[in-house]
Each structure stands twice: as structure tokens, then as C-alpha cells.
Amino acid sequence: MGTHMTRFQTGFLFAASALTLAACASPTGSEVSGGTVKVGQSDGRDGVVVTAQRRESSVQDVAVPVQAITQEQAYAPPAPPPPPVGMPAPMGKMDTYAQVMPQPMPGDVNRDKYQDVQINGVKLVAQEPVSTFSIDVDTASYSNVRRMLNAGHLPPKDAVRIEELINYFDYDYALPKSKNTPFETTVKVVPSPWAEGRQLMHVAVQGYDINRDARPPLNLTLLIDVSGSMSAQNKLPLAIQSLKLLINEMTAKDTIAIAVYAGAAGTVLEPTSGADKAKIMAALDKLSAGGSTAGGEGLRLAYNLAKQNFSKNSVNRVMLLSDGDFNVGINDPNALEDFVSRERESGVYLSILGFGGGNYNDLLMQKLAQSGNGMAAYIDTLNEGRKVLNDDLSGSMFSIADDVKIQVEFNPAKVAEYRLIGYETRILNREDFNNDKVDAGEIGAGSSVTAIYEITPVGSKATLIDPSRYKEAAKPAGNSNEFAFLKLRYKMPGESKSKLVDRPITVADQVTDISKAPEATRFATAVAGYGSLLRGDPYLDKSFTWDRVIDLANGAKGSDAFGYRAEFVQLARLAKTAATQESLKTPGAGEVGQ
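On a predicted model such as this, the values are computed, not experimentally measured, just so you know. (Residues numbered from 1 in each chain as written. Predicted model: local features only at pLDDT ≥ 70, side-chain atom pairs only at ≥ 80, totals over all residues. Heavy atoms only, no water.)

J.: Would you mind going over the nonpolar core with me for this structure?
T.: Proteins that are soluble and globular tend to have nonpolar side chains buried together. Membership of the largest hydrophobic core comes to 43 residues, with the highest contact counts inside it found for Phe 169, Tyr 171, Tyr 530 and Phe 568. At the level of elements, helix H3 (140-150), helix H4 (162-166), strand E7 (199-207), helix H12 (519-535), helix H13 (546-554) and helix H14 (564-584) are the ones that each hand at least two residues to this core. Of all the elements, H12 adds the most residues to this core, at eight residues. If near-sequence neighbours (up to four positions away) are discounted, Tyr 171 is found in contact with Ile 166, Ser 448, Thr 450, Ala 520, Phe 523, Ala 524, Val 527 and Arg 565. Residues Ala 239, Ala 283, Phe 355 and Met 375 belong to the second largest nonpolar core, which totals 39 residues. (Core = buried A, V, L, I, M, F, W, Y, C linked by side-chain atoms within 4.5 Å. Buried < 20%, exposed > 50% of the residue type's maximum accessible area, 1.4 Å probe, protein only. Helix = DSSP H or I, 4+ residues; strand = E, 2+ residues; numbered from the N terminus. Contact = heavy atoms within 4.5 Å.)

J.: Honestly, the sheet that holds strand E13 (residues 376-378) in this entry has me stumped. Any pointers?
T.: Here we have six strands laid out as an open sheet, ordered E10-E9-E8-E11-E12-E13, and mixed in their pairing. The sheet is open, and its two edges are formed by strand E10 (265-273) and E13, each paired on a single side. Within the sheet, the average angular offset between the axes of one strand and its neighbour, ignoring direction, is 15°. The pairing of strand E8 (residues 218-225) with strand E9 (residues 255-261) spans seven bridges and is parallel. Each residue of the ladder has a partner; that of Thr 221, found in E9, is Ala 257. (Pairing = 2+ DSSP bridges. Axes fitted to C-alpha atoms, helices over the stretch in contact; angles between N-to-C directions.)

J.: How should the side chain of Arg 489 be read in this particular structure?
T.: Among the secondary structure elements, Arg 489 is positioned in strand E18 (residues 482-491). Here Arg 489 occupies a buried position and makes no salt bridge, while the nearest side chain of opposite charge, Asp 436, is found at 5.0 Å. A polar side-chain atom of Arg 489 sits 3.4 Å from the main-chain carbonyl oxygen of Phe 433. Looking at Arg 489, its side chain comes within polar contact range of the side chain of Ser 498, at 3.0 Å. Excluding its chain neighbours within four sequence positions, the residues that come into contact with Arg 489 are Asp 403, Val 404, Lys 405, Phe 433, Asn 434, Asp 436, Ser 498, Lys 499 and Leu 500. (Lys, Arg positive; Asp, Glu negative; His and termini not counted. Salt bridge = Lys/Arg side-chain N within 4 Å of Asp/Glu carboxyl O. Polar contact = N/O pair within 3.5 Å; in protein donor to acceptor, adjacent residues only side chain to side chain.)

J.: Looking at this structure, how should I read the packing of aromatic side chains?
T.: Each aromatic ring pair is described using two quantities: the centre-to-centre distance and the angle formed by the ring planes. Following the criterion strictly, the structure yields 20 aromatic pairs and no others. When the ring of Phe 169 is compared with that of Phe 568, the centres are 5.9 Å apart and the planes differ by 85°; the resulting orientation is edge-to-face. Of this pair, Phe 169 sits in the loop between H4 and strand E6 (183-191) while Phe 568 sits in helix H14, placing them 399 residues apart in sequence. Considered together, Phe 169 and Phe 568 belong to a single accessibility category, that of buried residues. Here the aromatic rings of Phe 562 and Tyr 564 are separated by 5.8 Å at their centres, their planes lie at 25°, and the arrangement is stacked. By relative accessible area, which is 59% here, Phe 562 ends up exposed. Joined through ring pairs, the aromatic side chains of Tyr 142, Tyr 168, Phe 169, Phe 523, Tyr 530, Trp 546, Phe 562, Tyr 564 and Phe 568 make up one cluster. Its end group placed over the ring of Tyr 168, Lys 387 keeps NZ or CZ at 4.2 Å from the ring centre. Across the ring face of Tyr 564, the terminal group of Lys 387 is positioned such that the distance to the ring centre comes to 5.5 Å. (Phe/Tyr/Trp six-rings, centres within 6.5 Å; stacked < 30°, edge-to-face > 60°. Lys NZ or Arg CZ within 6 Å of the ring centre and 35° of its normal.)

J.: Looking at this structure, how should I read the sheet that holds strand E15 (residues 415-421)?
T.: Through backbone hydrogen bonds, the strands of a sheet pair up, either in parallel or in antiparallel fashion. If you trace the five strands from one edge of the open sheet to the other, you get E4-E15-E17-E7-E6, paired in antiparallel fashion. Two strands bound the open sheet, and with one partner strand each, they are strand E4 (123-124) and E6.

J.: Can you help me understand unusual backbone geometry in this one?
T.: As a rule of thumb, non-glycine residues mostly have phi less than zero, and peptide bonds are mostly trans rather than cis. Non-glycine residue Asp 172 carries a positive phi angle of around 55°. Look at Asp 560: it is not a glycine, yet its phi comes out positive at around 50°. Along the chain, Asp 560 falls in the loop between H13 and H14.

J.: Quick question: what am I supposed to make of the pattern of salt bridges here?
T.: Side-chain pairs of opposite charge can arise whenever the charged atoms involved come near each other. Going through the model one piece at a time under the given rule, you end up with 26 salt bridges. The partner of Lys 123 in a salt bridge is Glu 128, and the shortest N-O contact between them spans 3.8 Å. Here Glu 343 and Lys 307 are joined by a salt bridge, their closest N and O atoms 2.9 Å apart. In this pair, Glu 343 is assigned in helix H8 (residues 333-343) and Lys 307 in helix H7 (residues 295-308), connecting sequence segments 36 residues apart. Residue class for Lys 307 comes out partly exposed when judged on its relative accessible area of 34%.

J.: How do you make sense of the packing of helix H5 (residues 236-247) against helix H10 (residues 382-391) when you look at a structure like this?
T.: Between two packed helices, what matters for the description is the angle formed by their axes and the separation of those axes. Relative orientation of the contacting elements H5 and H10 amounts to 35°, with a least axis distance of 9 Å. Helix-helix and strand crossings are classified by hand; for H5 and H10 the assignment is right-handed. Side by side, H5 and H10 meet where Leu 238, Gln 241, Ser 242, Leu 243, Leu 245 and Leu 246 of the first sit next to Leu 382, Gly 385, Arg 386, Leu 389 and Asn 390 of the second. Residue composition of the contact of H5 with H10, grouped by class: six nonpolar, four polar and one charged. (Left-handed = near helix turned anticlockwise from the far one by under 90°. Nonpolar A, V, L, I, M, F, W, Y, C, P; charged D, E, K, R; others polar.)

J.: Just checking my understanding: could you explain the pairing of strand E12 (residues 349-354) for this structure?
T.: Consecutive side chains along a regular strand alternate between the two faces of the sheet. With six of its six residues buried, E12 lies for the most part within the structure. The side-chain alternation of E12 yields two buried faces, one formed by Tyr 349, Ser 351 and Leu 353 and the other by Leu 350, Ile 352 and Gly 354. Inspection of the sheet shows strand E11 (residues 315-322) paired to E12 by six bridges, in the parallel sense. Considered in E12, the bridge of Met 319 is made with Ser 351. Relative to E13, E12 runs parallel, the two sharing three bridges.

J.: It is not clear to me how the side chain of Asn 219 should be interpreted in this structure. Could you clarify?
T.: Mapping Asn 219 onto the fold places it in strand E8. Classification of Asn 219 by relative accessible area gives buried; the value is 3%. Here Ala 306 takes part through its backbone oxygen, which lies 3.0 Å from a polar atom of the side chain of Asn 219. Within the local environment of Asn 219, its side chain forms a polar contact with the side chain of Asn 316, the two groups lying 2.8 Å apart. Leaving out residues up to four positions away in the same chain, Asn 219 has contacts with Thr 255, Ala 306, Asn 309, Phe 310, Ser 314, Val 315, Asn 316 and Arg 317.

J.: Is there a simple way to explain the packing of H12 against H14 in this structure?
T.: It is the contact of H12 with H14, at a shortest axis distance of 11 Å, that shows an interaxial angle of 25°. Between H12 and H14, the crossing angle belongs to the class labelled roughly parallel. Here the hand of the crossing between H12 and H14 comes out left-handed. In this structure, H12 uses Glu 519, Phe 523, Ala 526, Val 527, Tyr 530 and Leu 534 to contact H14, whose residues at the interface are Arg 565, Phe 568, Leu 571, Ala 572 and Ala 575. Here the residues of the contact of H12 with H14 sort into nine nonpolar, no polar and two charged. (Parallel < 35°, antiparallel > 145°, perpendicular 65-115°, else oblique.)

Here it is as C-alpha cells:
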């Protein structure tokens, strides 16, 4: 035999080597049974509990994979190495190797979800004189669009909800004289800066404010997404920082509970006095992200916690903080919407705070907020967290009216056509206005709602709809001094019967030169133009550009104590730059991700 080993010796040495390596690599030991080597492994990682509090790991916490090596595998020759990168594999083996072309890394592919929305069309007053919609005081779209512009690209058109851009700002409208009538209306009619021959009807509703010392107690349940998708710095860590700003405003009359969800849901903090800030902060500091996302189960738990401490004398609210990426349990948007709709009958409000990008489910977050008598905001920076949860605390937490609806009836003697700018997802049927069973938006203390109609006066050459060839035109009737009649319907919190506020919109509300319009009207018009350009509004003249938006806004910044209006001007400049770069791109040469 000389120095040559037999096949038996070679096989014996190979098997012995495999046993030795397995024994060294396995802290849990190994065993040989039936000609097969079984190797157990434990990676020693800590177990994950839903409350995100760390505990000592154990062998039972980690699944033990078993690797089997048969005698035939022990004697088999080693597999050939893969071909070098860029070199094709042998024929018949193409499916054995990974693709050579570069692939997007995890997180590069944009999975943000938005509702597909079509811009409101033009209505002929002679056929459809009445416009009805629910108010919307959400601001999520503004800060989400800001995130994308700051990242250097234009937002998807469906991410832009013009009413939320406009309602992001305070306008210093006239305040109500008494909380018995919680709203004051302001109306102006001005020339349109983007369509010659048309006018803008600026309709504003201002809610009364409450002194912080006089506010009702708050029964708040925080529902925090601690799943793996929330691990980025602009998600769970930012949510915790923002919540601490809210906790600092709580007092002994308030109650805070904390629930979390990942693969399952759990309670981190039972209802606790707002005066015990150290205990609440400590509970927040223990949170960390990991696991899948059982958002539906989390909502169920949070509502149960809120109802455990429910008080008719308190504002009872669940606040969900998430990227909306629900992927286990109840995750169907319609099922979640139905669940939240049923729960709102209990008197518990729902607030939604969105975080992050790349997998942000705006579609779901909006459905939940609208179904839960709640508001939706998007937190992209700690400064935005301060604005929503500290500076605007009363508006974010304390409702002064529920199911607020607006209805405008246009006078055919004065107005030929109209269209509502924004509010596409809030349109109601005409009969819904007087039906108290139809849900609508809530408005918080000190908040305002702004809506802008574009109207075409009778006799203007800017009309878009031709008169009917066969239908005889109706003879206009009514007061020629009235553009329209405004009606507002609302319910006081906890009540089931609505109340009505109304007023005519007359020539006394008209301003013939937009430069002479009130500051609030001019700035709101600038924001509406900004949103219309972002959405690619087909009703804008080509002469209306980003520079016109910037000029309008610069002339109406006012005192701007917090710098929000100055920031808006910078965003308009970023949008102008991004739009220019977009137009220079080679057709079809898009980018992966947002």
C-alpha cells in the first residue's frame, strides 16, 4: 500500500474530522446515531418579550437547529466552487447561483402606501349648486411632504393632501365670543392668482380655545409599535423623544397607560398618574424594537386599557405611534377600519402619529384616524414632535366639537362654476349634512379649518363647461349680492344631536385685489398653490410658477413666531429645485426608493 491511503482510511479520517469540528462548534454537545452526525447550536441571543424589557436568556428561548450529515455525504467529493462574479455558470446550473446583477438592498425599495385620489373636478352650479364635506384638521401630509423635499425629491402626488398643507398653519382668525357657540367664521372672495377670470372663496372656521389650567383631565393610552420595522432613528427613538415632551405637560389629574405591540401585544404601564413622570419616563426608556407587527391586537388592548379608566369628565383617547406596517394578526385595512368605527361609539378618541419612510402606510393611518374620531399627524423631526405634542397640545388632545360638517350652496345668479380645492377624501353626500348618524371630523380647542373654493363668476370667459344644447337654461333666482350661503353643523362632545351655524357670503366679503386681502388669505392661497403644483393640478395656468408661490408667501409671513412660514418658503424653493431636476431626467431612468 505504501504511502497511499485506502478509500476506507480516507473516509474514516473525513468523518473523524467532521465529528471533531462539530464538537468544537457546539456548546450544547453532539451525538452520533444510526450513521448520522447531529449537531445542536445555540447562538446565545437574548429572548425578546413584547414589553421590550430585557430578561435573562435561556436555552428554551432559542430554537435549536439540527444539521444532519449522512455517511454518503461524508464520502462524497466536495462541491465545485461557484464561478467568478460576472462569469456565467455551466449550462444546466444557472439556477444554482445567485444573480450577478446588482440588487436593491433591504430598505432601498419604497413601499410607502397612499390612497389613489383624483383631484376634485369643476361643478356646474345650475346642476349641482351644493357642496358638502367633512372638516379635516389633520396635518400629516404637510410634514411627510417636507420629509421628501428635504431628501431632495418630489413627493408622490397621492401623498399631497392640499387641505392638510393649508391647515398646518395658524392664521389668527377672529375667535368666538363664547364657547356656547364654539365657532367663528371668516370669509373672503379674491381674484385667483393662477386662473384669469376666476376667483377664490376663502372659507375659515375658528374654534374657541381653552386655558391649559382649565382643560379637562386626560385619560391617555399610548399604543407604541415596537416591531422590527420601527428600529430606525426616525421611528421608535424619535417617538420616545416626542412622547417625553408630552409627558412633561401632564399633571396629577391626568392618567397615562402604555401598551406596545410587535409579534404580540402587551401592557408596559398600567394606568398611572401624570404626576408620576419618572415612572412613565422609565417605562418609555425600556422600549426597543424587534419582531413582526400585530397592530390589530395592539389596538384591541389599547382600547381595553382606555375603557378600564374611562371617565365621562375626562377626554379619553388612544394614541397610536407607528409606521403603519401591520403584517400579522388583524392587518386588513377594512377590518381594522370596522373595528375602530365600532370602538368610537364607546367615547374613546383615536389619534395617529406616523413615523419613518420606505414602508410608511399612510393609507391605513388615514383610514384609522378618520374612523376613530381622531386626528393624524406625521412626525419627521423632534421639532414637529414638539409642535404636535407640546405647543399644539390643546388642539391635538381636547376636542371642542365632533362630526363637524360644512355645506356651501352657490347662487346661480352670481356663480357659474365651482370646485373645492382639496378634501377629496372628505366629500359627503348632500343629504349627509343633516343626518346626525353620518360621521365627520372632530376639531380641537383653538384649532381652525380653512377651505378654498375656486369659483367662476357668471359672465366670465373662464368657464369650462359648455351650456346644454337641449336643456333650457334655468333662470337665476336669489339675491344677486350673495355669492353663496355657508352652513356649519357640529355636535358638542358626548352629544348625539347636532347644532347649526350659518351665514351668507356676500359682495361685502369680496376684495378686488389679492394684494389687499388679509394676510391669512394671502398665505393660505400660497399654500394652496404650492399643493396644486405638487399634485400637477390641471386647472393652473402655466404662468403660475413656484416663484409666484414664493412671492405670495414672502408677502404674508407676518410675525411667524416659530418660523413655520419661513420654513414653508424654503420648502417651496426645494420643490422648485426638485421639479427642475425631475424635468431633466432621462425618460424611464427612475430611481429605486424614495
